[in-house]
Amino acid sequence: MHYLWDEMTLTFSRTSMFPFFDIAHYLVSVMALKRRPGAAAVAWNNPLSSWLSAMLHCFGGGILSCMLLAEPPLKFLTNHTNILLASSIWYIVFFCPRDLVSQGYSYLPIQLLAAGMKEVTRTWKIVSGVTHANSYYRNGWIVMIAVGWARGAGGVIVTSCEELLKGDWKPEGNEWLKLSFPAKVTLLGSIIFTLQHTNHLAMSKHDLMFLYTMFLVTIKITMMITKDTTVTLAPFEDTLSRMLFGWQQQFSLGERKREAKQSSNGTASSGSKRITEDAGSGKRHAKKED
Amino acid sequence: MHYLWDEMTLTFSRTSMFPFFDIAHYLVSVMALKRRPGAAAVAWNNPLSSWLSAMLHCFGGGILSCMLLAEPPLKFLTNHTNILLASSIWYIVFFCPRDLVSQGYSYLPIQLLAAGMKEVTRTWKIVSGVTHANSYYRNGWIVMIAVGWARGAGGVIVTSCEELLKGDWKPEGNEWLKLSFPAKVTLLGSIIFTLQHTNHLAMSKHDLMFLYTMFLVTIKITMMITKDTTVTLAPFEDTLSRMLFGWQQQFSLGERKREAKQSSNGTASSGSKRITEDAGSGKRHAKKED
Amino acid sequence: MHYLWDEMTLTFSRTSMFPFFDIAHYLVSVMALKRRPGAAAVAWNNPLSSWLSAMLHCFGGGILSCMLLAEPPLKFLTNHTNILLASSIWYIVFFCPRDLVSQGYSYLPIQLLAAGMKEVTRTWKIVSGVTHANSYYRNGWIVMIAVGWARGAGGVIVTSCEELLKGDWKPEGNEWLKLSFPAKVTLLGSIIFTLQHTNHLAMSKHDLMFLYTMFLVTIKITMMITKDTTVTLAPFEDTLSRMLFGWQQQFSLGERKREAKQSSNGTASSGSKRITEDAGSGKRHAKKED
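Report follows, based on the coordinates. (Residues numbered from 1 in each chain as written. Chains lettered and ligands numbered in written order. Predicted model: local features only at pLDDT ≥ 70, side-chain atom pairs only at ≥ 80, totals over all residues. Heavy atoms only, no water.)

**Some details on the overall build of chain A**
Reasoning step 1: Counting secondary structure elements, chain A contains 14 helices and zero strands.
Reasoning step 2: Looking at chain A as a whole, 50% of its 290 residues qualify as buried.
Reasoning step 3: The contacts in chain A between residues at least 6 apart in sequence include a share of 75% that link residues at least 24 apart.
Reasoning step 4: Per element, the accessible surface of chain A, about 14600 Å² overall, is 66% carbon and sulfur. (Helix = DSSP H or I, 4+ residues; strand = E, 2+ residues; numbered from the N terminus. Buried < 20%, exposed > 50% of the residue type's maximum accessible area, 1.4 Å probe, protein only. Contact = heavy atoms within 4.5 Å. Areas by Shrake-Rupley, 256 points an atom, 1.4 Å probe, with all protein chains shown as cover.)

**Observations concerning the pattern of salt bridges**
Reasoning step 1: Counting across every chain of the model gives 15 salt bridges over all chains.
Reasoning step 2: With a shortest N-O distance of 2.8 Å, Lys34 of chain A and Asp99 of chain A are connected by a salt bridge. Taken together, the positions of Lys34 of chain A in helix H2 (residues 20–34) and Asp99 of chain A in the loop between helix H5 (80–95) and helix H6 (100–105) put the pair 65 residues apart, joining distant regions of the chain.
Reasoning step 3: Across the pair Arg36 of chain B and Glu163 of chain B runs a salt bridge whose closest N-O atoms are separated by 3.7 Å. Of this pair, Arg36 of chain B sits in the loop between helix H2 (20–34) and helix H3 (39–45) while Glu163 of chain B sits in helix H9 (residues 155–166); the two residues are 127 residues apart in sequence, bridging distant segments of the chain. Here Arg36 of chain B matches Glu163 of chain B in class, with each residue buried.
Reasoning step 4: One network of salt bridges, with partners in common, ties together Arg36, Glu162 and Glu163 of chain A. (Salt bridge = Lys/Arg side-chain N within 4 Å of Asp/Glu carboxyl O.)

**Focus on helix H11 (residues 205–226) of chain B**
Residues and elements named next belong to chain B.
Reasoning step 1: Here H11 spans 31 Å end to end across 22 residues, near enough to the 32 Å set by a 1.5 Å rise per residue.
Reasoning step 2: Listed as buried for H11 are His206, Asp207, Leu208, Met209, Phe210, Tyr212, Thr213, Leu216, Val217, Ile219, Met223 and Met224.
Reasoning step 3: Where the residues of H11 are buried, they touch helix H1 (2–13), helix H7 (108–136) and helix H10 (181–197).
Reasoning step 4: Two residues or fewer past H11, Lys227 is found with a positive phi of approximately 60°. (Expected span 1.5 Å × (residues − 1).)

**Some words on the packing of aromatic side chains**
Residues and elements named next belong to chain A.
Reasoning step 1: This structure, assessed with the given rule, holds 39 aromatic pairs over all chains.
Reasoning step 2: For the pair Trp90 and Tyr91, a centre-to-centre distance of 6.4 Å together with 55° between the ring planes defines the contact as tilted.
Reasoning step 3: A relative accessible area of 26% means that Tyr91 is categorised as partly exposed. (Phe/Tyr/Trp six-rings, centres within 6.5 Å; stacked < 30°, edge-to-face > 60°.)

**Section: the packing of helix H2 (residues 20–34) of chain C against helix H7 (residues 108–136) of chain C**
Think of two packed helices as two axes; the pair is described by the angle between the axes and how far apart they sit.
Residues and elements named next belong to chain C.
Reasoning step 1: Viewed as axis vectors pointing N to C, H2 and H7 meet at an angle of 110°, and their least axial separation amounts to 8 Å. With respect to each other, H2 and H7 are oriented roughly perpendicular. On the side of H2, the interface is formed by Phe20, Phe21, Asp22, Ala24, His25, Val28 and Ser29, while H7 contributes Ala114, Ala115, Met117, Lys118, Val120, Thr121 and Lys125. (Axes fitted to C-alpha atoms, helices over the stretch in contact; angles between N-to-C directions. Parallel < 35°, antiparallel > 145°, perpendicular 65-115°, else oblique.)

**Structural notes on the environment of Leu48 of chain A**
Reasoning step 1: Positionally, Leu48 of chain A belongs in helix H4 (residues 47–68).
Reasoning step 2: With 29 residues separating them in the primary sequence, Leu48 of chain A and Pro19 of chain A have C-alpha atoms 24 Å apart.

**A closer look at the packing of helix H8 (residues 141–153) of chain A against helix H10 (residues 181–197) of chain A**
All names here are of chain A.
Reasoning step 1: At a minimum axis separation of 8 Å, H8 and H10 run at an interaxial angle of 140°. When the axis of H8 is compared with that of H10, the two are oblique. Here H8 and H10 pass one another in a crossing that is right-handed. Counting all contacts with H8, which are made through Trp141, Met144, Ile145, Gly148, Trp149, Gly152 and Ala153, the residues of H10 involved are Pro182, Ala183, Thr186, Leu187, Ser190, Ile191, Thr194 and His197. (Left-handed = near helix turned anticlockwise from the far one by under 90°.)

**Overview of the nonpolar core**
Reasoning step 1: Membership of the largest hydrophobic core comes to 65 residues, with the highest contact counts inside it found for Met55, Phe59, Leu77, Ile83 and Phe94 of chain A together with Val143 and Phe193 of chain B.
Reasoning step 2: The contact partners of Phe94 of chain A, leaving out residues within four places of it in the chain, are Val30, Leu33, Lys34, Ala39, Ala40, Ala43 and Ser50 of chain A.
Reasoning step 3: Listed in part, the 55 residues of the second largest apolar core include Ala146, Phe193 and Phe245 of chain A together with Leu27 of chain C. (Core = buried A, V, L, I, M, F, W, Y, C linked by side-chain atoms within 4.5 Å.)

**Things to note about the environment of Thr9 of chain B**
Reasoning step 1: Position of Thr9 of chain B relative to the elements: it lies in helix H1.
Reasoning step 2: With near-sequence residues (within four places) excluded, Thr9 of chain B lies in contact with His206, Asp207 and Phe210 of chain B.

**With respect to a nonpolar patch on the surface**
Residue and element names in this part refer to chain B.
Reasoning step 1: A cluster of nonpolar side chains, namely Trp5, Met8, Ile191, Leu195, Leu201, Met203 and Leu211, defines an oily patch on the protein surface of about 520 Å² accessible area.
Reasoning step 2: Of all elements in the fold, only H1 and H10 reach the threshold of two or more residues within the nonpolar patch.
Reasoning step 3: Relative to the helices and strands, Leu211 is located in helix H11. (Patch = residues over 30% accessible without salt bridge, like charges linked within 9 Å, V, L, I, M, F, W, Y side chains within 5 Å.)

**So, helix H9 (residues 155–166) of chain C**
Reasoning step 1: Relative to the 16 Å expected for twelve residues at 1.5 Å per residue, H9 of chain C spans 17 Å between its end C-alpha atoms, a close match to the ideal helical length.
Reasoning step 2: Every buried residue of H9 of chain C is accounted for by Gly155, Val158, Thr159, Ser160, Glu162, Glu163, Leu164 and Lys166 of chain C.
Reasoning step 3: Next to the buried residues of H9 of chain C lie H9 of chain B together with helix H4 (47–68) and helix H8 (141–153) of chain C.

**Brief notes about unusual backbone geometry**
Reasoning step 1: Omega for the peptide link from Phe18 of chain A to Pro19 of chain A comes to 0°, which places this bond in the cis form.
Reasoning step 2: Along the chain, Pro19 of chain A turns up in the loop between helix H1 (2–13) and H2.
Reasoning step 3: Look at Ala70 of chain B: it is not a glycine, yet its phi comes out positive at around 55°.
Reasoning step 4: Looking at the element boundaries, Ala70 of chain B is found in the loop between helix H4 (47–68) and helix H5 (80–95).
Reasoning step 5: One non-glycine residue, Asn139 of chain C, lies in the positive phi region at around 70°.

**Here's the deal with the state of the cysteines**
A covalent bond bridging the sulfur atoms of two cysteines is what the word disulfide describes.
Residues and elements named next belong to chain A.
Reasoning step 1: Counted according to the given criterion, the structure contains zero disulfides over all chains.
Reasoning step 2: Residue Cys66 stays outside any disulfide, its sulfur separated by 16 Å from that of Cys58, the closest cysteine.
Reasoning step 3: Taking the relative accessible area as the measure of exposure, Cys66 reaches 7% and is therefore buried. (Disulfide = S-S within 2.5 Å.)

The quantities given are spatial measurements derived from coordinates; they are silent on function.
Okay, here's the thing in structure tokens:
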């Protein structure tokens, strides 16, 4: 039984992402680009600009991790096979007659399959990021977590900077308060794989890759079917925040309750508002959704 | 005859850009900086800031190509002779009594001479960029095209980022739709020199450098005299776009003509507008000029 | 006497910045972050984002100098001891019960002590930046000045970019006209230490470190006590600007006086305004304060 399990996870960890999983990743990325307002018009008027945006969407995580490790950001352009594959996906998505690809992608089963396969590539990217950072800085576990995180979920930073330079995006302070769900799970995965790599976790890499991938794919598909984006991590986050920061909140909560009682005559509304805010900060997700 | 031609192109390709061609390049770059609103005031109030801007204008392409290849962006500061030359040009342009240099530069023959000599340096930059990228990634032809392009025409990206950080420039989406003419010819040159470097073009490097430089100088001077910026590449671009994307446009054009006929009673004006748009997208230059 | 002096400066130059001077530097940096509007709220809602900002404030100069020399910007994360120390300072400052640390920091003697110790670390950073750049480019004195300057005072650029990406800061053109006082003294120090390193200054490094640190600490504490930010360098700057650029101003001033006399009938107010501007540009500080 244990041998069968080992065989399965080992075979799984040796699966090559090329070509099917990579195709799914490029498809999801380019469709995300296509849904931006005006993207189709840009593809018609300036295909080069549209192609560059598509490449940044497809390879953004790798570009960011290269910049963080002072490697040439253009390194991704040397992998001609993947560039050709991504370019073909871009061409087909944007220039297919009657927009067939977009219509096909609008069916939920297709989206679920592509999203699930893309989550598999996320695991591979985190692992390769952690390993690559370790080759630079042995035992530099913070660097390993950062690079794994960047490679797995850093593409959004690269594409945001591109939109900023194009004038399509004005940064608002609130966006950075809310880590997206992919960013959170990627950070979690990066920490776990770093612990495994530095022998602090008693689990083999292939077992961990299999379990983490199953975790990612399951919650991604569950979220897409139920349209709920914050199911899984909220209890975990609340526990962690209460452990690290909660005792202060309890203390302040108690203090402000006393302040509210003292000033309850003239400032009842503001006092209750403060208590509501303190109670709300313990439940960070609810507060972010407001 | 062939020997004379060979001699001439070989001698031309061995010409050093220092000092006369470099002087012309720095002069054109610093005059472009001076024409920015408020540049003279900045030079008076904060010469250091003005000098930094001038250096970014003069060496911007090299800085960008260094960043793309993960080399120190400060590398250009080690060439003390060129820095001294560029700084002298900056000092003379901004602080000459009675603004003599600007007045001299306003004469068209001087501008033509300087612009022509600057175009010569463009060829040298593209070639050095392509060669340099090849030393990093043998056969990485996409990287070679990108680095040659960056070094030949990338300065505008560096100076745009500087203006963005200074608050003098707000990016508008449309700007990135229109590749400037220098950017287009530099991309073309970068592709040609990469093909030559990877032995896909049966031409020696010095012959190609001579012909490409003559092409650049001729159209630059023609454009400056006739004040027309889009003469040469439009037929080439239209052919290329029709080849790669045109069949889709023809298809859509046919479809929309049928749609327009069907709905011609109630929506005659919008139908004719759509047909005009489709006919217009085949002529991209006309559309961009609107 | 000379031997005692040598002993003292040598011992001083061998002092380790860890832990007390580093603690002071991190404390001043994190308190600067805390005074930003909304920083405490960010710490409650998204501790990770707040921690990242704190790290950028504490290590910004080192990050910038790494980027300028094409070293991994994440290199600072490999020094686990300093990261742990800075993180502890951040945690204590933001999450201390009853905000004790901020209250303690509001006393002037504490601020003076911390600021003085931070200025000592500035000297160490400039020296390490100059030495580090020299290991890359022997005799590249402009690079050495630039890297020393970046490491000593470059943190503000990194944190400004962070605020720009967050949408908390819109760059205004005028900011870049005014080099802050720390930036000016750091540039001065960087130039002096580069001259010493390239043997153009007949002084030993430890003597120079001692004297420059005393200079920094003295004027910093003087400025904090007297609340005056522009005391020391104004005469020096005026002399330098008059030497390099003043003859042109004298010339223009004379010219404009003649123009003003000629047109004094109809344009008296504008003429006197121009003369005031020319007289004002010779005194750059007064003009900047307007």
